[in-house]
Amino acid sequence: RDYVELIYDKAYFDFTEIINLAVQFLEADDDEAAAVRDHIRDDIRYVVVDEYQDVNPLQERLVRGLTQFGAKYVSITDGQKGSWGCDGTKCYQVPLFPGERIEATGAGDAYATAVMAALANGKTYAEALAWGPVNSANVIQHIGPQAGLLTRAQLEGRIARNRRYRVVARSL
């Protein structure tokens, strides 16, 4: 409790407290929070968060809140821990796709564009979540953000050849 009081007294930013405030706001029972939840429900369908490091239960509550209040899918990268996503009924653990890392510029963008492309092409959310790391893994094997981007056929081929690669679902 002393730490939280100190950061407020000094007007410091603390990542965990920012997430805590967002969760409290989403879960609040007042008109302002209801208006934000209505906006999420009516206007936001996809949320992709890049570089959400060291996912903890509070961050997972935020993601669940976003999907509970209307965002259809929330996808989150978590660095070397892979990524995960929620669709309102399940959360998915997504491992890194194997490959050598040369340079990481553009990895998050490659992940997000592949997930969105998969959804736009009629893939399930679990299938879409598999596309992201495959595209990212190839991008980081090249220098620069565009050199390793894969086509749809290349993405599908790499997933088919690596049968051990699995996105794991768990109920909310």
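Figured I'd write up the structure that's included with this text. (Residues numbered from 1 in each chain as written. Predicted model: local features only at pLDDT ≥ 70, side-chain atom pairs only at ≥ 80, totals over all residues. Heavy atoms only, no water.)

## So, the nonpolar core
Most often, soluble globular proteins have nonpolar side chains that are buried together.
Then, in step 1: Of all hydrophobic cores here, the largest spans 19 residues; its most connected members are L119, Y125 and L129.
Then, in step 2: At the level of secondary structure, the elements contributing two or more residues to this core comprise β4 (90–94), α5 (107–120) and α6 (125–139).
Then, in step 3: Broken down by element, this core gets its largest block of residues, seven residues, from α6.
Then, in step 4: Residue contacts for L129: discarding those within four places in its chain leaves S75, G85, Y92, V94, Y111, V115 and V167.
Then, in step 5: Of all hydrophobic cores here, the second largest spans 16 residues; its members include V23, V63, L66 and F69. (Core = buried A, V, L, I, M, F, W, Y, C linked by side-chain atoms within 4.5 Å. Buried < 20%, exposed > 50% of the residue type's maximum accessible area, 1.4 Å probe, protein only. Helix = DSSP H or I, 4+ residues; strand = E, 2+ residues; numbered from the N terminus. Contact = heavy atoms within 4.5 Å.)

## Remarks on the pattern of salt bridges
Then, in step 1: Tallying each qualifying case throughout the model produces four salt bridges.
Then, in step 2: In this structure, R41 and D38 form a salt bridge, with 2.9 Å as the shortest nitrogen-oxygen distance. Taken as a pair, R41 and D38 lie in helix α3 (residues 31–43) at a separation of three residues, close to a single helical turn.
Then, in step 3: Residue classification places D38 among the partly exposed positions, given a relative accessible area of 33%.
Then, in step 4: Each member of the salt-bridge network shares a partner with another, and the members are D38, R41 and D42. (Salt bridge = Lys/Arg side-chain N within 4 Å of Asp/Glu carboxyl O.)

## Side note on the side chain of R37
Then, in step 1: Checked against the element boundaries, R37 lands in helix α3.
Then, in step 2: With sequence-adjacent residues up to four places away left out, R37 is seen in contact with F25, L26, E27, A28, D30 and F69.

## Quick notes on the packing of helix α2 (residues 15–27) against helix α4 (residues 57–68)
Then, in step 1: α4 packs onto α2 with a crossing angle of 35° between their chain directions and a minimal axis gap of 9 Å. Considering how the two elements wind past one another, α2 and α4 form a crossing that is left-handed. Facing α2, whose interface residues are F15, T16, I19, N20, A22, V23, L26 and E27, α4 presents L58, Q59, R61, L62, G65 and L66.
Then, in step 2: Residue composition of the contact of α2 with α4, grouped by class: eight nonpolar, four polar and two charged. (Axes fitted to C-alpha atoms, helices over the stretch in contact; angles between N-to-C directions. Left-handed = near helix turned anticlockwise from the far one by under 90°. Nonpolar A, V, L, I, M, F, W, Y, C, P; charged D, E, K, R; others polar.)

## A closer look at a negative patch on the surface
Then, in step 1: On the surface, D29, D30, D31 and E32 cluster together into a negatively charged patch.
Then, in step 2: For E32, the location among the structural elements is in helix α3.
Then, in step 3: Since its relative accessible area comes to 57%, E32 is described here as exposed. (Patch = residues over 30% accessible without salt bridge, like charges linked within 9 Å, V, L, I, M, F, W, Y side chains within 5 Å. Areas by Shrake-Rupley, 256 points an atom, 1.4 Å probe, with all protein chains shown as cover. Lys, Arg positive; Asp, Glu negative; His and termini not counted. Charge placed at Lys NZ, Arg CZ, Asp CG, Glu CD.)

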